[in-house]
Amino acid sequence: DNPATGTFLYNLGLTLSWIFAHVLVLLMSVNQVPGVIESRAIYPILARPVERGTYLMGKSGASTLCGWGAYAVFALLVLLVTPRMEPYSTGMLIQMAVLNFASLSVTAALGQLVSLVLPRAMGALLLGGIVFLGTYFFGILRSLGEDTWVNEVLRWFVLYLPDFSKWNMTTRYTDGIEALSMGTFLGLLAYALVMGIGATLLSHRLFKRRLL
């Protein structure tokens, strides 16, 4: 009967939905391509008229769709069973879901990229650190070497790294804050699009040059 408790449970459920879905996509995207290369299952596939870029798009798309489905199921379950005793913005709910889907897409693209340049375990740890702890890590980088050229270089470097906290609107939604302005919302989607396309193009370039 306590609205604060209901909001806490609501936030906890949606946050866990976000975490579980991203972990699923991370593990799938990091393991898919190295797995088929090690098992040699990739050779009969590429022996057919299938371009390597198309193959990578299929793998990345499968990881993304699995993540979207997992998040939708988890979030829907939370929405159905958690009592909502305070007002929440429907517009913010829609924006939160769309940005989370975008975040999962970027995770799949980055997971595929790191799997082509690093061992699976190391790639999973690196990507997990960026997805779940990136905000704190980037903050430390920005705080180093204040008022020096080192700080300027670090700030420039951080701009090219994906900050997943910018797409996670769970707390904003459960705190009852109104929806983002259309400009901010579209800017965040563009940010995800640039990061996802950049990682995808780099993956295609590396994979085409790779000797299997």
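For the structure, see preceding data.
Fair warning: this is a prediction, and the values are worked out from it, not measured in the lab. Starting from 1, residues in each chain are numbered consecutively following that chain's sequence as written. Under the rules for a predicted model, residues below a pLDDT of 70 receive no local features and side-chain atom pairs below 80 are neither given nor counted, while totals for whole chains, interfaces and linings still include all residues. Side-chain metrics in this entry use all non-hydrogen atoms of the structure; hydrogen atoms and water are not considered.

1. What to know about the overall build of the protein chain
- Working definition: helices are DSSP H or I runs of at least four residues, strands are E runs of at least two. Numbering for both runs from the N terminus. If you tally the helices and strands in the protein chain, you get eight helices and zero strands.
- Beginning at the N terminus, the succession of helices and strands in the protein chain can be written as α-α-α-α-α-α-α-α.
- By its C-alpha atoms, the protein chain is 60 × 50 × 30 Å across when sized along the principal axes.
- Each of the 212 residues in the protein chain was classed as buried or not, and the buried ones make up 41%.
- Contact criterion: two residues are considered in contact whenever any of their non-hydrogen atoms come within 4.5 Å of each other. Considering only residue pairs separated by 6 or more positions, the protein chain has 86% of its internal contacts joining residues 24 or more positions apart.
- Measuring between centres, the 14 positive side-chain charges of the protein chain sit 20 Å from its 10 negative side-chain charges. Using a 1.4 Å probe on the protein chains alone, a residue whose accessible area is under 20% of its type maximum counts as buried, one over 50% counts as exposed, and one in between counts as partly exposed. When charges are counted, neither His nor the chain ends are considered; positive counts come from Lys and Arg and negative counts from Asp and Glu. For charged residues, the charge sits on one atom: NZ in Lys, CZ in Arg, CG in Asp, CD in Glu.

2. Focus on the packing of aromatic side chains
- Stacked, edge-to-face and tilted are the three classes for Phe, Tyr and Trp ring pairs, Trp counted by its six-membered ring, which pair at centre distances within 6.5 Å; planes under 30 degrees apart are stacked, over 60 edge-to-face, the rest tilted. Inspection of every chain in the model, using the stated rule, returns 10 aromatic pairs.
- With a centroid separation of 5.9 Å and an interplanar angle of 85°, the aromatic rings of Trp18 and Phe132 are classed as edge-to-face. Of this pair, Trp18 sits in helix 1 (residues 3-38) while Phe132 sits in helix 5 (residues 120-143); the two residues are 114 residues apart in sequence, bridging distant segments of the chain.
- Under the relative-accessibility criterion, Phe132 is labelled partly exposed at 29%.
- On the basis of an interplanar angle of 20° and a centroid distance of 6.3 Å, the ring pair of Tyr55 and Phe207 is categorised as stacked. One end of the pair, Tyr55, is in helix 3 (residues 52-81); the other, Phe207, is in helix 8 (residues 182-209), and 152 residues separate them in sequence. Here the two residues Tyr55 and Phe207 agree in accessibility, since each one is buried.
- Members of the aromatic cluster, connected to one another through ring pairs, are Tyr10, Tyr88 and Tyr173.
- Note on criteria: charge over ring means Lys NZ or Arg CZ within 6 Å of the ring centre, with the direction from the centre no more than 35 degrees off the ring normal. Above the ring of Phe207, the side-chain terminus of Arg52 is found at 5.4 Å from the ring centroid.

3. Looking at the side chain of Asp163
- The residue Asp163 is located in the loop between helix 6 (149-159) and helix 7 (170-174) in this model.
- What counts as a salt bridge is simple: a side-chain nitrogen of Lys or Arg found within 4 Å of a carboxyl oxygen of Asp or Glu. The charged side chain of Asp163 is buried without a salt bridge, its nearest counter-charge being Lys166 at 4.2 Å.
- Under this definition, polar contacts are N or O atom pairs within 3.5 Å; protein pairs additionally need one hydrogen-donor-capable and one acceptor-capable atom, and for neighbouring residues in sequence, both atoms have to be side-chain atoms. A distance of 3.1 Å separates the side chain of Asp163 from the side chain of Thr135, its partner in a polar contact.
- Setting aside chain neighbours within four positions, we find Asp163 in contact with Thr135, Phe138 and Tyr191.

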